[in-house]
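Close look at the chain arrangement
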Amino acid sequence: MTKTGDRKVMKVLAGETVFPPPIWLMRQAGRYLPEYRATRASANGFLDVCYTPDLAVEVTLQPIRRFGFDAAILFSDILVIPDALDRNVRFVEGTGPLMDPISVEAIAALDPSRLHTHLAPVYETVRRLRSELPAETTLLGFCGAPWTVATYMIAGRGTPDQAPSRLFAMQHPEAFMKLLTLLAEMSADYLIAQIDAGADAVQIFDSWAGVLSERDFTRYSIEPVKYMVDRIKRERPGVPVISFAKGAGALLETYRAATGIDCVGLDWTVPSGLARKIQQGGAVQGNLDPLRMVAGGAALDEGIDEVLETLGAGPLIFNLGHGITPQADPENVTRLIQRVRSAQR
Ligand code: CP3
C-alpha cells in the first residue's frame, strides 16, 4: 500500500467506513494548549504567527505531537483573504477580529492581484508541513466561505446575528453579489494553491450559514461554495472538499448534492435522524458539542458514545460540532481520543 493509502481521513472522504473513526478537532491548534500560548506570546501578534512559516508549522504540529490526531489543519485564519485585500485586519486581545467596514465604493475598488504574493508564506507553511508530518496524517488546507468572510468585511467585526451583512445584501444587492463573487474566485485560487503546496484535502468554513433564510442560503452560501467546488473538481480532480455550514439545520439535507462537496460538517444541533440521512449520501464530520471538552467526565463520555452510536456505522470523521474553546482541558482531549480509539462496534 502507498503511504497516502494509509491516511484514514482520506479513506473516509472517499466514502469508506472506518471504525473506530479517524479523529481531529476544529481549532485543534489554539489557546487551550499551553505550548500554543507560549509560541503566541513570543510572536508579534496573531497574524505574525500565520505569516511566519517557522511559527505556523510549529503550532500546527503541536496538537499532532501531543495527541496524534489523524489530520493536521494548516495554522492560519479565514481572515487572511480580507488581509490580502488590504482591509486593515487586526486581532485585538479580548475583542476578536477587527477590520475597516467595507462600503459599496470600496467593493468596486477591491484589488485581488496581491493574493498569491501576500499568501506565499502560507503556501510555504503547507509545503513544510507535508514534509514534516507523519505519512499517515492527512494535511487539511482551509479557507472561509464567501458569505462568512463577507460578514466580517461588511460589519468590520464579529456580530451575533450578522444583521449588518443581511441588511447590506438587501440594500445593495449588486455590490454584495460582486463581493461574494470576488471572494469565491480568490478563495478557489487560494485553496488550489494550498493543494499544489501539499494539502491532501480542503475544508471550507461557513460558520455563519445559520443566520440565512432558505432563499438567501441558496444564493449566498450554496452558490459561491458550489462555484469553488466546481473549480477544484475541474482543476485538481480527486482532491476532496469538506464544508462546514454551521447552523444550517434542515437546509443541510440537500447541501452535499447542491454543492458537490465530499463531506458534510455537522454542528452539534443537527438531529440524529437528519445526520444519518445526510450520511447516506457520503462522509460526514462532527459533531460533539465543544462544551463537553470543558465539562469532561461523564458529560464527555456520554457525548462521545452518542456520536459513535448515531454515525459510527457509516463514513465518519470524528470531530467537534464547532471549534474547541480556550477553556477546554487538554486532558479531556486525551480522554476523548482514548475513548474513540478503543470503541467497539
Ligand atoms: O487549529 C486550527 O483549526 C487552525 C487554525 C484556525 C484558526 N482560525 C486560528 C485562530 C482556523 C481553521 C480558524 C478558522 C476561523 N477563523 C473561523 C471559522 C471557524 C469558526 O471558529 O467558526 C472563523 C470564524 C475565524 C475568524 C476568527 N479568528 C475569529 C472570530 C477569531 C477570534 C475569536 C477566537 O476564537 O479567538 C479568530 C482568532 C483566531 N484564529 C485564534 C486562533 C488560534 C485566536 C487568536 C489568538 O491566538 O490570539
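Residues numbered from 1 in each chain as written. Predicted model: local features only at pLDDT ≥ 70, side-chain atom pairs only at ≥ 80, totals over all residues. Heavy atoms only, no water.

From N to C terminus, the protein includes 17 helices and 9 strands. The C-alpha atoms of the protein give 19 Å as radius of gyration, which agrees with the globular expectation for 345 residues (20 Å, within 12%). Principal-axis analysis of the C-alpha atoms places the extent of the protein at approximately 60 × 45 × 40 Å. Counting the 345 residues in the protein, one finds 57% classified as buried. Long-range pairs, those at least 24 residues apart, make up 74% of the contacts in the protein between residues at least 6 apart in sequence. Carbon together with sulfur atoms contributes 50% to the accessible area of the protein, which is approximately 13,900 Å² in total. (Helix = DSSP H or I, 4+ residues; strand = E, 2+ residues; numbered from the N terminus. Rg over C-alpha atoms; globule rule 2.2 N^0.38 Å. Buried < 20%, exposed > 50% of the residue type's maximum accessible area, 1.4 Å probe, protein only. Contact = heavy atoms within 4.5 Å. Areas by Shrake-Rupley, 256 points an atom, 1.4 Å probe, with all protein chains shown as cover.)

Once that is clear, we can look at the environment of Gly-273. Secondary-structure assignment places Gly-273 in helix 14 (residues 272-279). Using a relative accessible area of 45% as the deciding quantity, one classes Gly-273 as partly exposed.

A few words on the side chain of Asp-83. Checked against the element boundaries, Asp-83 lands in helix 5 (residues 80-84). For Asp-83, which is buried and forms no salt bridge, the nearest opposite charge comes from Arg-114, at a distance of 9.1 Å. When residues no more than four places from it in sequence are discounted, the contact partners of Asp-83 are Leu-47, Tyr-51, Val-89 and His-118. (Lys, Arg positive; Asp, Glu negative; His and termini not counted. Salt bridge = Lys/Arg side-chain N within 4 Å of Asp/Glu carboxyl O.)

Here the focus is unusual backbone geometry. The omega torsion across Phe-19 and Pro-20 is -5°, close enough to zero to call that bond cis. In this fold, Pro-20 is placed in the loop between helix 1 (8-13) and helix 2 (34-42). Of note, the amide linkage connecting Gly-286 to Asn-287 takes the cis form, showing an omega dihedral of -20°. Inspection of the secondary structure puts Asn-287 in strand 8 (residues 283-288).

As a further point, take the packing of helix 14 against helix 16 (residues 297-311). Two numbers describe how helix 14 lies on helix 16: the axes approach to 9 Å, and their chain directions differ by 45°. Put simply, helix 14 runs oblique to helix 16. In the packing of helix 14 onto helix 16, the handedness of the crossing is right-handed. Contact residues: helix 14 offers Ser-272, Ala-275, Arg-276 and Gln-279, while helix 16 offers Glu-309, Thr-310 and Leu-311. Grouping the amino acids of the contact of helix 14 with helix 16 by side-chain chemistry returns 2 nonpolar, 3 polar and 2 charged. (Axes fitted to C-alpha atoms, helices over the stretch in contact; angles between N-to-C directions. Parallel < 35°, antiparallel > 145°, perpendicular 65-115°, else oblique. Left-handed = near helix turned anticlockwise from the far one by under 90°. Nonpolar A, V, L, I, M, F, W, Y, C, P; charged D, E, K, R; others polar.)

This part covers the pairing of strand 4 (residues 138-144). Along any regular strand the residues' side chains alternate between the sheet's two faces. Of all 7 residues that make up strand 4, 7 are buried, and the element is covered over most of its length. Of the two faces of strand 4, the one lined by Thr-138, Leu-140, Phe-142 and Gly-144 and the one lined by Leu-139, Gly-141 and Cys-143 are each fully buried.

A separate point is the sheet that holds strand 5 (residues 201-206). In space, the 7 strands of this open sheet follow the order 1-4-5-6-7-8-9, with parallel pairing throughout. In this open sheet, the two edge strands, each paired with only one partner strand, are strand 1 (71-73) and strand 9 (316-320). Along the sheet, successive strands turn relative to each other by an average axial angle of 25°, direction set aside. Relative to strand 5, strand 4 runs parallel, the two sharing 5 bridges. The residue of strand 5 that forms the bridge with Gly-141 is Val-202. (Pairing = 2+ DSSP bridges.)

Around the ligand lies a shell of 20 residues, among which Arg-31, Tyr-36, Asp-77, Ser-207 and His-322 are the nearest. Note that a nitrogen atom of the ligand is positioned 2.7 Å from one of the side-chain N or O atoms of Asp-77. Considered on its own, the ligand offers 870 Å² of accessible surface; in the complex 88% of this is hidden by protein. A class-by-class count of the residues in the shell around the ligand yields 12 nonpolar, 4 polar and 4 charged. (Near = heavy atom within 4 Å. Polar contact = N/O pair within 3.5 Å; in protein donor to acceptor, adjacent residues only side chain to side chain.)

Looking now at helix 11 (residues 173-197). For helix 11, with 25 residues, the first-to-last C-alpha span of 36 Å sits near the 36 Å given by 1.5 Å per residue. Where helix 11 terminates, the next one or two residues include Gly-198, which has phi positive at roughly 130°. (Expected span 1.5 Å × (residues − 1).)

What follows deals with the pairing of strand 9. For strand 9, the buried fraction is high: 5 of the 5 residues fall into the buried class. Going residue by residue along strand 9, you find Leu-316, Phe-318 and Leu-320 tucked away on one face and Ile-317 and Asn-319 tucked away on the opposite face as well. Taken together, the 5 bridges between strand 8 and strand 9 define a ladder with parallel strand orientation. In the strand pairing of strand 9, Leu-288 is matched with Leu-320.

Okay, the confidence of the model for the protein next. Reading predicted coordinates in detail is not appropriate for stretches of low pLDDT. Within the protein, residue pLDDT values average 97, and 99% of them lie at 70 or more. Between the elements of the protein, mean pLDDT differs from a low of 94, seen in strand 2 (residues 90-92), to a high of 99, seen in strand 9. (pLDDT = per-residue confidence, 0-100.)

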